[in-house]
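For reference, the chains in residue letters:
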Amino acid sequence: MIKLNYHLIPLAILLGSGFNSYADAPLPSSVLKGTTETFEISCPKTPQQTTIDINNCMAAKLDSVKSVETKYIDAARNRILSTQEQQTLDAFDAENKAWDTLIDAASHATDVKWGGGTIRGEEATSREIELIELRIHNQWENWLRYEDSSPPVLPEPLFKNVK
(Lines give C-alpha, C1' and ligand atoms only; values in the text may rest on other atoms or scores of the structure.)
Protein backbone atom coordinates (compact mmCIF):
# COMPACT_ATOMS: atom_id res chain seq x y z
CA MET A 1 0.00 0.00 0.00
CA ILE A 2 1.28 3.47 -0.89
CA LYS A 3 1.51 6.01 1.92
CA LEU A 4 0.38 9.44 0.74
CA ASN A 5 1.82 12.68 2.00
CA TYR A 6 -1.39 14.64 2.40
CA HIS A 7 0.45 17.95 2.79
CA LEU A 8 1.69 17.69 -0.79
CA ILE A 9 -1.63 16.80 -2.40
CA PRO A 10 -2.78 20.45 -2.86
CA LEU A 11 0.57 21.31 -4.44
CA ALA A 12 0.33 18.28 -6.73
CA ILE A 13 -3.17 19.32 -7.76
CA LEU A 14 -2.03 22.89 -8.31
CA LEU A 15 0.91 21.90 -10.43
CA GLY A 16 -0.45 18.70 -11.91
CA SER A 17 -0.98 20.12 -15.36
CA GLY A 18 2.35 21.92 -15.29
CA PHE A 19 4.63 18.95 -14.74
CA ASN A 20 4.35 17.48 -18.21
CA SER A 21 2.90 20.21 -20.37
CA TYR A 22 5.94 22.52 -20.47
CA ALA A 23 7.51 20.50 -23.27
CA ASP A 24 4.50 21.38 -25.41
CA ALA A 25 4.05 24.91 -24.06
CA PRO A 26 5.07 27.65 -26.46
CA LEU A 27 7.86 29.96 -25.47
CA PRO A 28 6.61 33.10 -23.73
CA SER A 29 6.73 36.39 -25.58
CA SER A 30 10.15 37.99 -25.56
CA VAL A 31 12.13 40.98 -26.70
CA LEU A 32 15.50 40.44 -28.36
CA LYS A 33 17.85 43.37 -27.81
CA GLY A 34 21.47 42.96 -28.80
CA THR A 35 22.78 39.82 -27.15
CA THR A 36 19.99 39.56 -24.58
CA GLU A 37 16.48 38.15 -24.79
CA THR A 38 13.97 39.18 -22.16
CA PHE A 39 11.16 36.67 -21.65
CA GLU A 40 7.87 37.91 -20.22
CA ILE A 41 6.55 35.45 -17.66
CA SER A 42 2.88 36.29 -17.25
CA CYS A 43 -0.67 35.04 -17.50
CA PRO A 44 -2.73 37.92 -18.89
CA LYS A 45 -5.87 35.87 -19.57
CA THR A 46 -6.30 34.81 -15.93
CA PRO A 47 -8.47 37.07 -13.75
CA GLN A 48 -6.48 36.32 -10.51
CA GLN A 49 -9.42 37.03 -8.23
CA THR A 50 -9.59 33.72 -6.38
CA THR A 51 -7.05 31.26 -5.05
CA ILE A 52 -7.88 28.95 -7.94
CA ASP A 53 -7.29 31.79 -10.43
CA ILE A 54 -3.94 32.61 -8.82
CA ASN A 55 -2.91 28.95 -8.77
CA ASN A 56 -3.84 28.61 -12.46
CA CYS A 57 -1.80 31.71 -13.23
CA MET A 58 1.21 30.33 -11.37
CA ALA A 59 0.92 27.02 -13.24
CA ALA A 60 0.89 28.94 -16.56
CA LYS A 61 3.96 30.93 -15.49
CA LEU A 62 5.73 27.73 -14.49
CA ASP A 63 4.96 26.19 -17.89
CA SER A 64 6.36 29.29 -19.60
CA VAL A 65 9.62 29.33 -17.69
CA LYS A 66 10.04 25.57 -18.13
CA SER A 67 9.68 25.96 -21.89
CA VAL A 68 12.57 28.46 -21.81
CA GLU A 69 14.51 26.06 -19.60
CA THR A 70 14.02 23.28 -22.14
CA LYS A 71 15.24 25.54 -24.95
CA TYR A 72 18.45 26.47 -23.13
CA ILE A 73 19.22 23.00 -21.76
CA ASP A 74 18.68 21.46 -25.20
CA ALA A 75 21.00 24.05 -26.78
CA ALA A 76 23.70 23.37 -24.18
CA ARG A 77 23.36 19.61 -24.62
CA ASN A 78 23.63 19.96 -28.41
CA ARG A 79 26.75 22.10 -28.06
CA ILE A 80 28.33 19.44 -25.83
CA LEU A 81 27.25 16.62 -28.16
CA SER A 82 28.91 18.41 -31.08
CA THR A 83 32.25 18.12 -29.27
CA GLN A 84 31.72 14.40 -28.68
CA GLU A 85 33.17 14.68 -25.16
CA GLN A 86 31.38 12.04 -23.08
CA GLN A 87 33.00 13.17 -19.83
CA THR A 88 31.68 16.71 -20.34
CA LEU A 89 28.21 15.40 -21.19
CA ASP A 90 28.23 13.26 -18.03
CA ALA A 91 29.22 16.31 -15.95
CA PHE A 92 26.44 18.36 -17.58
CA ASP A 93 23.89 15.62 -16.82
CA ALA A 94 25.08 15.44 -13.19
CA GLU A 95 24.77 19.22 -12.90
CA ASN A 96 21.19 19.09 -14.21
CA LYS A 97 20.28 16.36 -11.77
CA ALA A 98 21.67 18.50 -8.93
CA TRP A 99 19.67 21.53 -10.11
CA ASP A 100 16.49 19.39 -10.22
CA THR A 101 17.13 18.17 -6.67
CA LEU A 102 17.81 21.68 -5.38
CA ILE A 103 14.72 23.16 -7.01
CA ASP A 104 12.47 20.36 -5.74
CA ALA A 105 13.84 20.59 -2.18
CA ALA A 106 13.61 24.39 -2.04
CA SER A 107 10.06 24.44 -3.41
CA HIS A 108 9.03 21.76 -0.92
CA ALA A 109 10.61 23.73 1.95
CA THR A 110 8.62 26.82 0.96
CA ASP A 111 5.44 24.73 0.77
CA VAL A 112 6.12 23.43 4.29
CA LYS A 113 6.83 26.95 5.58
CA TRP A 114 3.42 28.18 4.41
CA GLY A 115 1.80 24.85 5.42
CA GLY A 116 -1.72 25.75 6.45
CA GLY A 117 -2.39 28.70 4.20
CA THR A 118 -3.94 28.96 0.77
CA ILE A 119 -0.94 31.03 -0.33
CA ARG A 120 1.46 28.10 0.01
CA GLY A 121 0.98 26.88 -3.57
CA GLU A 122 1.67 30.34 -4.98
CA GLU A 123 4.72 30.82 -2.76
CA ALA A 124 6.20 27.39 -3.56
CA THR A 125 5.62 27.84 -7.29
CA SER A 126 7.03 31.36 -7.20
CA ARG A 127 10.22 30.05 -5.59
CA GLU A 128 10.42 27.26 -8.17
CA ILE A 129 10.12 29.80 -11.00
CA GLU A 130 12.84 32.02 -9.49
CA LEU A 131 15.22 29.09 -9.15
CA ILE A 132 14.56 27.87 -12.70
CA GLU A 133 15.31 31.37 -13.99
CA LEU A 134 18.57 31.36 -12.00
CA ARG A 135 19.40 27.93 -13.42
CA ILE A 136 18.78 29.03 -17.00
CA HIS A 137 21.03 32.06 -16.63
CA ASN A 138 23.74 30.10 -14.82
CA GLN A 139 23.79 27.42 -17.48
CA TRP A 140 23.87 30.06 -20.21
CA GLU A 141 26.94 31.57 -18.49
CA ASN A 142 28.70 28.21 -18.25
CA TRP A 143 27.61 26.29 -21.33
CA LEU A 144 26.30 28.63 -24.05
CA ARG A 145 28.70 31.52 -24.23
CA TYR A 146 32.34 31.69 -25.25
CA GLU A 147 35.27 33.22 -23.40
CA ASP A 148 36.42 35.13 -26.49
CA SER A 149 34.45 37.65 -28.53
CA SER A 150 32.39 34.97 -30.33
CA PRO A 151 28.64 35.49 -29.96
CA PRO A 152 26.87 33.12 -27.54
CA VAL A 153 24.97 30.10 -28.82
CA LEU A 154 21.74 31.73 -27.55
CA PRO A 155 21.14 35.27 -26.29
CA GLU A 156 21.57 35.98 -22.59
CA PRO A 157 18.23 35.06 -20.97
CA LEU A 158 16.56 37.71 -18.84
CA PHE A 159 13.12 37.51 -17.25
CA LYS A 160 10.35 39.97 -16.61
CA ASN A 161 7.77 38.55 -14.23
CA VAL A 162 4.40 40.23 -14.60
CA LYS A 163 1.88 39.85 -11.78
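Residues numbered from 1 in each chain as written. Predicted model: local features only at pLDDT ≥ 70, side-chain atom pairs only at ≥ 80, totals over all residues. Heavy atoms only, no water.

**Quick look at the environment of Asn-138**
Turning to step 1, where the next piece is worked out: Considering the arrangement of structural elements, one finds Asn-138 in helix α5 (residues 120-144).
Turning to step 2, where the next piece is worked out: A C-alpha to C-alpha distance of 9.6 Å links Asn-138 and Pro-157, two positions 19 residues apart in sequence.
Turning to step 3, where the next piece is worked out: Residues contacting Asn-138, with those up to four places away along its chain left out, are Glu-95 and Trp-99. (Helix = DSSP H or I, 4+ residues; strand = E, 2+ residues; numbered from the N terminus. Contact = heavy atoms within 4.5 Å.)

**Topic: the packing of helix α3 (residues 51-83) against α5**
Turning to step 1, where the next piece is worked out: Where α3 meets α5, the closest approach of the two axes is 10 Å, and the angle between their N-to-C directions is 15°. Between α3 and α5, the angle is such that the two are roughly parallel. Taken as a pair, α3 and α5 cross one another with a handedness that is left-handed.
Turning to step 2, where the next piece is worked out: Split by residue class, the contact of α3 with α5 holds 16 nonpolar, four polar and eight charged. (Axes fitted to C-alpha atoms, helices over the stretch in contact; angles between N-to-C directions. Parallel < 35°, antiparallel > 145°, perpendicular 65-115°, else oblique. Left-handed = near helix turned anticlockwise from the far one by under 90°. Nonpolar A, V, L, I, M, F, W, Y, C, P; charged D, E, K, R; others polar.)

**Thoughts on the layout of surface pockets**
Turning to step 1, where the next piece is worked out: Put simply, the second largest pocket is a space of about 230 Å³.
Turning to step 2, where the next piece is worked out: Lining the second largest pocket, in full, are Gln-48, Ile-54, Cys-57, Met-58, Lys-61, Glu-122, Glu-123, Ser-126, Ile-129, Glu-130, Asn-161 and Lys-163.
Turning to step 3, where the next piece is worked out: Where the lining of the second largest pocket is concerned, the elements lending two or more residues are α3 and α5.
Turning to step 4, where the next piece is worked out: Residue contributions to the lining of the second largest pocket peak at five residues, all from α5.
Turning to step 5, where the next piece is worked out: Residue classes in the lining of the second largest pocket are distributed as four nonpolar, three polar and five charged. (1 Å grid on protein atoms, 1.4 Å probe; cavity = no way out; pocket = protein on both sides within 12 Å on 5 of 7 lines; lining within 4 Å. Points joined across faces, edges and corners; volume = space filled by probe spheres on them.)

**Observations regarding the nonpolar core**
Within soluble globular proteins, side chains that are nonpolar tend to cluster in buried spots.
Turning to step 1, where the next piece is worked out: Counting 24 residues, the largest nonpolar core has Val-65, Tyr-72, Phe-92, Ile-132, Ile-136 and Leu-144 as the members making the most contacts within it.
Turning to step 2, where the next piece is worked out: For this core, the secondary structure elements donating two or more residues are β2 (36-41), α3, α4 (86-113) and α5.
Turning to step 3, where the next piece is worked out: Of all the elements, α3 adds the most residues to this core, at nine residues.
Turning to step 4, where the next piece is worked out: Phe-92 has contacts with Ile-73, Ala-76, Arg-77, Ile-80, Gln-139 and Trp-143, leaving out every residue within four places of it along the chain. (Core = buried A, V, L, I, M, F, W, Y, C linked by side-chain atoms within 4.5 Å. Buried < 20%, exposed > 50% of the residue type's maximum accessible area, 1.4 Å probe, protein only.)

**Notes on the pattern of salt bridges**
Turning to step 1, where the next piece is worked out: Considering all chains together, one arrives at eight salt bridges under this definition.
Turning to step 2, where the next piece is worked out: Two residues, Lys-71 and Glu-37, come together in a salt bridge whose shortest N-O distance is 3.6 Å. Of this pair, Lys-71 sits in helix α3 while Glu-37 sits in strand β2; the two residues are 34 residues apart in sequence, bridging distant segments of the chain.
Turning to step 3, where the next piece is worked out: Taking the relative accessible area as the measure of exposure, Lys-71 reaches 26% and is therefore partly exposed.
Turning to step 4, where the next piece is worked out: Members of the salt-bridge network, linked through shared partners, are Glu-69, Asp-100 and Arg-135. (Salt bridge = Lys/Arg side-chain N within 4 Å of Asp/Glu carboxyl O.)

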